[in-house]
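Report on the structure
Spelled out, the chains give:
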Amino acid sequence: MEKNKPSYSEARKRTKEEVKVITDAYIMDNDLSKLGIGKTYHIITYGCQANVRDSETIKAILEDMSFTETSDMEKADLILLNTCAIRENAHNKVFGMIGRVQHMKEKRPDIILAIGGCMAQEVSIVNELERKKKYVDVVFGTHNIHNLPKLISEAIDKNEQVVEVFSKEGDIIENLPVKRDSMYKAFVNIMYGCDKFCTYCIVPFTRGKQRSRRKEDILKEIDDLIKLGYKEVTLLGQNVNAYGKDLNENITMAELLEEVAKTGIERIRFVTSHPWDFNDNMIDVIAKYPNVMPYIHLPVQSGSNRILKLMGRRYTKESYLELFYKIKDKVKNATITTDIIVGFPGETEEDFEETLEVVNECKYDGAYTFIYSPRENTPAASMEDNVPLEEKEKRLARLNELINKYYKESNEKVVNTVVPVLIEGVSEKNEEMCAGYTDTMKLVNVKCSKDYIGKIVNVKITEAKTWSLDGVLDE
Ligand code: SAH
Ligand code: SF4
Ligand code: F3S
């Protein structure tokens, strides 16, 4: 394996050795801390919440180097793309943006372009950037964000491309800074990586093996957030229900969630839950603590047992539905959302109809739906991708029609009820209104004074719009 370049065989390895927790990996020396004086940065984040949270750390690192943030990419001295590799269209967007920056560099050659995130963990992408996109100054991966100051400084000094991507996941680094996007709600990583290896998915390769953070580090972060006035935390992981399985310490997700609930923070949610590891203790904790939000994202992916097996999801339609009903039964007014892939290799019209049946049965409160996209090096990529694109698009449209119908029904159900809303800011569509989310993750626009921003208030829902709700304060 070449040093500092991604390798799938390395990334696939899962060892039993326990991950170390490092508290001094991030170093900011005097020279590095002055590198960005008088310079600005602009960061574009693609992909999931893991990337959003990583970008919050990247921003803090750049500010430790004295760069200041600008929302105007055209003026920025440093442009950083934090990329996603989950589907082909994520790639296309990033390459479009790289082209745009190339154009900007013709006029301002000293712009620094840095590419990080999951795409940088892909072998073919790094090869392409090295061979054809020499003007990309820094390529870094998901495991070495703490080295960013050194990499940027090297690229400036040498005036050549610097690539550093580790295939093997690193240890857990606990001394990274963070500049949070919100003053009221925060993402808290509870685990990194994923060991599930669903056959279509690239994440276990781009994010490495599952590594749970220590409970005390998680609780300390949440206690600090409470002191800063934060109202909501989202516990983050690709597969949060498996939390603790990789630790020597005996701790489960249900136990962690209970301890987080006991910190007294006003709202807690967690993403994402793989149905396989969702046990009864988890459901009991969600039901017992009022500050655990009754909102569960429970990806089903397909309603056909044959396809679920090919996907390597380790559950059946029947066991999924059993879990679904258990949650609905025990957690009062829970909303459940899902993810679905259409057009997986070999998916027949009958398989697809089984997916529609599950949607009709679960009447989801919302869903993210995707056309299957083959990913380099995954097992599904070598299965015959035999559903024509036109058919995949038709299935997606049919599915979305049904999803939207239940989404609307779910929103209509809360009209005329009073729900708690965390007011986050001024509404995007109407400056006279504020906007925020219910504890079931529904977007609400509320007529209220800006003084309420950052508070959880009771709102009477007056109307269900297509993508949001309208309401008035109920005091
Ligand atoms: N860890 C989460 C999912 C992260 S990826 C989980 O297991 O639930 C988010 C979603 O992207 C997945 O749930 C899946 O629906 C979709 N996805 C992942 N790989 C994909 C691919 N190759 N093609 C299309 N959709 C994909
Ligand atoms: Fe991908 Fe499956 Fe892991 Fe989710 S659980 S990140 S879909 S491999
Ligand atoms: Fe994308 Fe990486 Fe997240 S592939 S979905 S940014 S873990």
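Please read these numbers as outputs of a predicted model, since none were measured by experiment.

A separate point is the overall build of the protein chain. Scanning the protein chain from terminus to terminus reveals 13 helices and 21 strands. In terms of C-alpha radius of gyration, the protein chain reaches 23 Å, essentially the compact-globule figure of 23 Å for 475 residues. If one aligns the C-alpha atoms of the protein chain with their principal axes, the spans along those axes are about 60 × 55 × 50 Å. In the protein chain, once contacts between residues fewer than 6 apart in sequence are set aside, the share between residues at least 24 apart is 76%. Separation of charge centres in the protein chain, based on 68 positive and 78 negative side chains, amounts to 0 Å.

Further remarks concern the sheet that holds strand β21 (residues 469-473). With mixed pairing, the five strands of this closed barrel are ordered in space as β17-β18-β19-β21-β20. If you compare each strand with its neighbour and ignore which way they point, the axes differ by 50° on average. Alignment of strand β17 (residues 418-426) against strand β18 (residues 434-438), held across five bridges, turns out to be antiparallel. Residue pairing in the sheet places Leu422 in a bridge with Tyr437 of β18.

Glancing now at the environment of Tyr406. Mapping Tyr406 onto the fold places it in helix α13 (residues 389-413). Once residues lying within four places of it in the same chain are set aside, the contact partners of Tyr406 are Val359, Asn360, Lys363 and Tyr364.

Structurally, Thr438 can be placed in strand β18. Residue class for Thr438 comes out buried when judged on its relative accessible area of 2%. Side-chain polar atoms of Thr438 contact the side chain of Thr440, separated by 2.8 Å. Beyond its immediate chain neighbours, meaning those up to four positions away, Thr438 contacts Arg267, Met293, Val419, Pro420, Val421 and Val444.

Near ligand 1 lie 15 residues; those nearest to it are Tyr200, Gln238, Gln301, Asp339 and Ser373. At a separation of 3.0 Å, a nitrogen atom of ligand 1 approaches a polar backbone atom of Tyr200. Between Gln301 and ligand 1, the recorded distance is 2.7 Å, taken from a side-chain N or O atom to an oxygen atom. When ligand 1 sits alone it has 540 Å² of accessible area, and the protein chains cover 90% of it. Only β15 (335-342) and β16 (367-371) provide two or more residues apiece to the shell around ligand 1.

Our next topic: the pairing of strand β20 (residues 456-464). Put simply, side chains in a regular strand alternate between the two faces of the sheet. As paired strands, β17 and β20 are joined by five bridges and run antiparallel to one another. Bridge pairing links Pro420 to Asn458 in β20. Taking the residues between adjacent antiparallel strands as the criterion, β20 and β21 are bridged by four residues.

Applying the stated rule across the entire model yields 42 salt bridges. The residue Asp195 makes a salt bridge to Arg14 at a minimum N-O spacing of 2.7 Å. Taken together, the residues span a long stretch of sequence, with Asp195 in the loop between β10 (191-192) and α6 (203-207) and Arg14 in the loop between α1 (8-12) and β1 (21-22) at a distance of 181 residues. Take Asp195: its relative accessible area is 30%, and that puts it in the partly exposed class.

Let us look at the site of ligand 3. For ligand 3, the full set of nearby residues is Cys48, Asn51, Cys84, Ala85, Ile86, Cys118, Val203, Arg207 and Gln238. Tallied by class, the residues present in the shell around ligand 3 amount to six nonpolar, two polar and one charged. When residues of the shell around ligand 3 are assigned to domains, at least three map to each of domain 1 (8-164) and domain 2 (184-293).

On to the packing of aromatic side chains, then. As enumerated under the stated definition, the model contains eight aromatic pairs in all. Between Tyr407 and Trp467, the ring centres sit 5.4 Å apart and the planes meet at 40°, which makes this aromatic pair tilted. You can see Tyr407 sitting in helix α13 and its partner Trp467 sitting in the loop between β20 and β21, a full 60 residues away along the chain. Here the aromatic residues Tyr8, Phe197 and Phe205 are joined through ring pairs into a cluster of three or more.

Okay, the side chain of Arg313 next. Among the structural elements, Arg313 can be located in the loop between α10 (305-311) and α11 (317-330). Although Arg313 is buried, it forms no salt bridge, and the closest oppositely charged side chain is Asp339 at an N-O distance of 7.2 Å. Among the polar contacts listed, one links the side chain of Arg313 to the backbone oxygen of Pro299, at a separation of 3.3 Å. A distance of 3.1 Å separates polar atoms of two side chains, one belonging to Arg313 and the other to Tyr315. When sequence neighbours within four positions are dropped, the list of residues in contact with Arg313 reads Cys198, Tyr200, His274, Pro275, Pro299, Gln301 and Leu308.

Criteria and cut-off values
Residues numbered from 1 in each chain as written. Chains lettered and ligands numbered in written order. Predicted model: local features only at pLDDT ≥ 70, side-chain atom pairs only at ≥ 80, totals over all residues. Heavy atoms only, no water. Helix = DSSP H or I, 4+ residues; strand = E, 2+ residues; numbered from the N terminus. Rg over C-alpha atoms; globule rule 2.2 N^0.38 Å. Contact = heavy atoms within 4.5 Å. Lys, Arg positive; Asp, Glu negative; His and termini not counted. Charge placed at Lys NZ, Arg CZ, Asp CG, Glu CD. Pairing = 2+ DSSP bridges. Axes fitted to C-alpha atoms, helices over the stretch in contact; angles between N-to-C directions. Buried < 20%, exposed > 50% of the residue type's maximum accessible area, 1.4 Å probe, protein only. Polar contact = N/O pair within 3.5 Å; in protein donor to acceptor, adjacent residues only side chain to side chain. Near = heavy atom within 4 Å. Areas by Shrake-Rupley, 256 points an atom, 1.4 Å probe, with all protein chains shown as cover. Salt bridge = Lys/Arg side-chain N within 4 Å of Asp/Glu carboxyl O. Nonpolar A, V, L, I, M, F, W, Y, C, P; charged D, E, K, R; others polar. Domains from an automatic or database assignment. Phe/Tyr/Trp six-rings, centres within 6.5 Å; stacked < 30°, edge-to-face > 60°.

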